[in-house]
Amino acid sequence: MRGWLRSDGRKGIRNVVAVAYLVECAHHVAREVAGSDRDHAHVIGFPGCFPNPYAQKMMERLCTHPNVGAVLLVSLGCESFNRHQLESVVKATGRPVKVLVIQNSGGTRSTIAAGQAWVAEQVVALAAAPTVPMDISELIVGTVCGGSDGTSGITGNPAAGIAFDKLVAAGAACIFEETGELIGCEAIMEARAATPALAAELRASVEKAARYYETLGYGSFASGNADGGLTTIEEKSLGAYMKSGQSVISGLIKPGDIPPKGGLYLMDVVPDGEVRFGFPNISDNAEIVEMMASGAHCTLFVTGRGSVVGSALAPVIKIAANPHMYARLSEDMDVNAGRVLEGAASLEEVGQEIFDLVVSLASGKRSKSEELGHQEFILTYKSFEPIGPACLPV
């Protein structure tokens, strides 16, 4: 494994230019800037015009993600996002950063031309940047569920859990999430907590999610889940829970909190306080973004129904839970966990395959979504309180 060393001591498995729009009005310009070199320039951004501390923190974490080598900020000029603070945060890490304000740069064509010229310079410089050896213990890996069906909980998710156990044993930090899809799993998670205080925090995070969805009037259960053979949120939760593996749960974090050491962490993605921002995660990509904001170098994406998405900044490994879906979408799937159903492989063998694929990504191999150019990204309004001392490893 090899990586690019950053000033904070972390290492990236990619070295890309982040082209970040700071309001939806600047999205088109940012997209056109990055379009000249999609292999090396990735578009991220926040669409809202009004400020949000969560979004500010997320953008600061993403623009200083270890996979990012340089940052171009694209502003319209009159939005409330604090571009000066974001620029200062990036500059303090030693990364090259430039701000383009469309209202001051001549408009669309002029800003695109200036942005493309700057990105081209950075791509050349980043290509010459040296790499250093990297150990598995320096990795942060996330996992999410996408479009679960009746096979997800017996193939893809437990295989991802086995890979997580292997990564944790090697010293990596692993993050699982979706507290709204862990309803009914409170007791078994409590039993795995490193401390009684953490066990209480784990239960509270799931109970908060249940209250949130009760207020909204629906839960994290899509029609595709029912079509795939699932019947209740508890049934879906048990499948989703399996991707956490069997390791001791070391801590609980919220989006943008970076695990302080190796181990297994639950990410609480449901906003704190009164319900005012709508559905906590409007798609799987929102969860991938939150994983990245917490430092995830890559994300394991388990799906029974099928998905074609990837992500900007960090690779996504898509794991097919059943063989029929894999056959239909093989050009987008990295791993066929459905082989377990056919007796062609054991869960242990598929878990080892996922583990090996994570290591190969950190050695230069590209995932299917990367090869296809997928760079999906979603960031919306939320609000979180800081985690307490009981949430982190002693």
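Peer 1: So what exactly am I meant to see when it comes to the sheet that holds strand S2 (residues 11-12) here?
Peer 2: Hydrogen bonds between backbone atoms are what pair the strands of a sheet, whose relative direction is either parallel or antiparallel. The strand order S2-S1-S7 describes an open sheet built from three strands, whose pairing is antiparallel. This sheet does not close on itself; its edge strands, each paired only once, are S2 and strand S7 (132-133). Here strand S1 (residues 2-5) runs beside S2; their pairing, made up of two bridges, is antiparallel. Across the sheet, the residue bridging to Leu 5 is Lys 11, located in S2.

Peer 1: How should the pairing of strand S3 (residues 16-21) be read in this particular structure?
Peer 2: Each regular strand carries side chains that alternate between the two faces of the sheet. Along S3, six of the six residues are buried, which leaves the element largely enclosed by surrounding structure. Burial along S3 is two-sided: the residues Val 16, Ala 18 and Ala 20 and Val 17, Val 19 and Tyr 21 are all buried. By the bridge criterion, six bridges tie S3 to strand S5 (residues 68-75) in an arrangement that is parallel. Residue pairing in the sheet places Ala 18 in a bridge with Val 71 of S5. Relative to strand S4 (residues 41-45), S3 is paired through five bridges, and the arrangement is parallel. Looking at the pairing, Tyr 21 lines up with Gly 45 of S4. Considered for its hand, the β-α-β crossover made up of S3, helix H1 (residues 27-35) and S4 is right-handed.

Peer 1: Could you clarify how one ought to interpret the nonpolar core in this entry?
Peer 2: It is characteristic of soluble globular proteins that their nonpolar side chains tend to be buried jointly. Counting residues in hydrophobic clusters, the biggest one holds 44 residues, and the most contacted among them are Leu 139, Val 141, Leu 167, Met 189, Leu 300 and Ile 319. Looking at this core, the elements with two or more residues in it are helix H5 (156-169), strand S9 (173-176), helix H7 (196-216), strand S10 (249-253), strand S11 (263-267), strand S12 (298-303), strand S13 (316-320) and helix H13 (347-361). Once you skip the residues sitting within four places of it in the chain, Met 189 turns out to touch Phe 176, Leu 182, Leu 202, Val 206, Tyr 241, Ile 249 and Leu 266. Among the nonpolar cores identified, the runner-up in size contains 28 residues, and Ala 18, Val 97, Met 292 and Ala 293 belong to it.

Peer 1: How do you make sense of unusual backbone geometry when you look at a structure like this?
Peer 2: Glycine aside, residues mostly have negative phi angles, and peptide bonds mostly take the trans form. The phi torsion at Glu 178 lies on the positive side, around 65 degrees, for a residue other than glycine. Mapping Glu 178 onto the fold places it in the loop between S9 and helix H6 (186-190). Residue Glu 178 is classed as buried on the basis of its relative accessible area, which comes to 3%. Even without being glycine, Leu 313 reaches a positive phi, approximately 75 degrees. Relative to the assigned elements, Leu 313 resides in the loop between S12 and S13. Judged by its relative accessible area of 1%, Leu 313 falls in the buried class.

About the thresholds
- Residues numbered from 1 in each chain as written.
- Predicted model: local features only at pLDDT ≥ 70, side-chain atom pairs only at ≥ 80, totals over all residues.
- Heavy atoms only, no water.
- Pairing = 2+ DSSP bridges.
- Helix = DSSP H or I, 4+ residues; strand = E, 2+ residues; numbered from the N terminus.
- Buried < 20%, exposed > 50% of the residue type's maximum accessible area, 1.4 Å probe, protein only.
- Right-handed = clockwise from strand over helix to strand, strands pointing away.
- Core = buried A, V, L, I, M, F, W, Y, C linked by side-chain atoms within 4.5 Å.
- Contact = heavy atoms within 4.5 Å.

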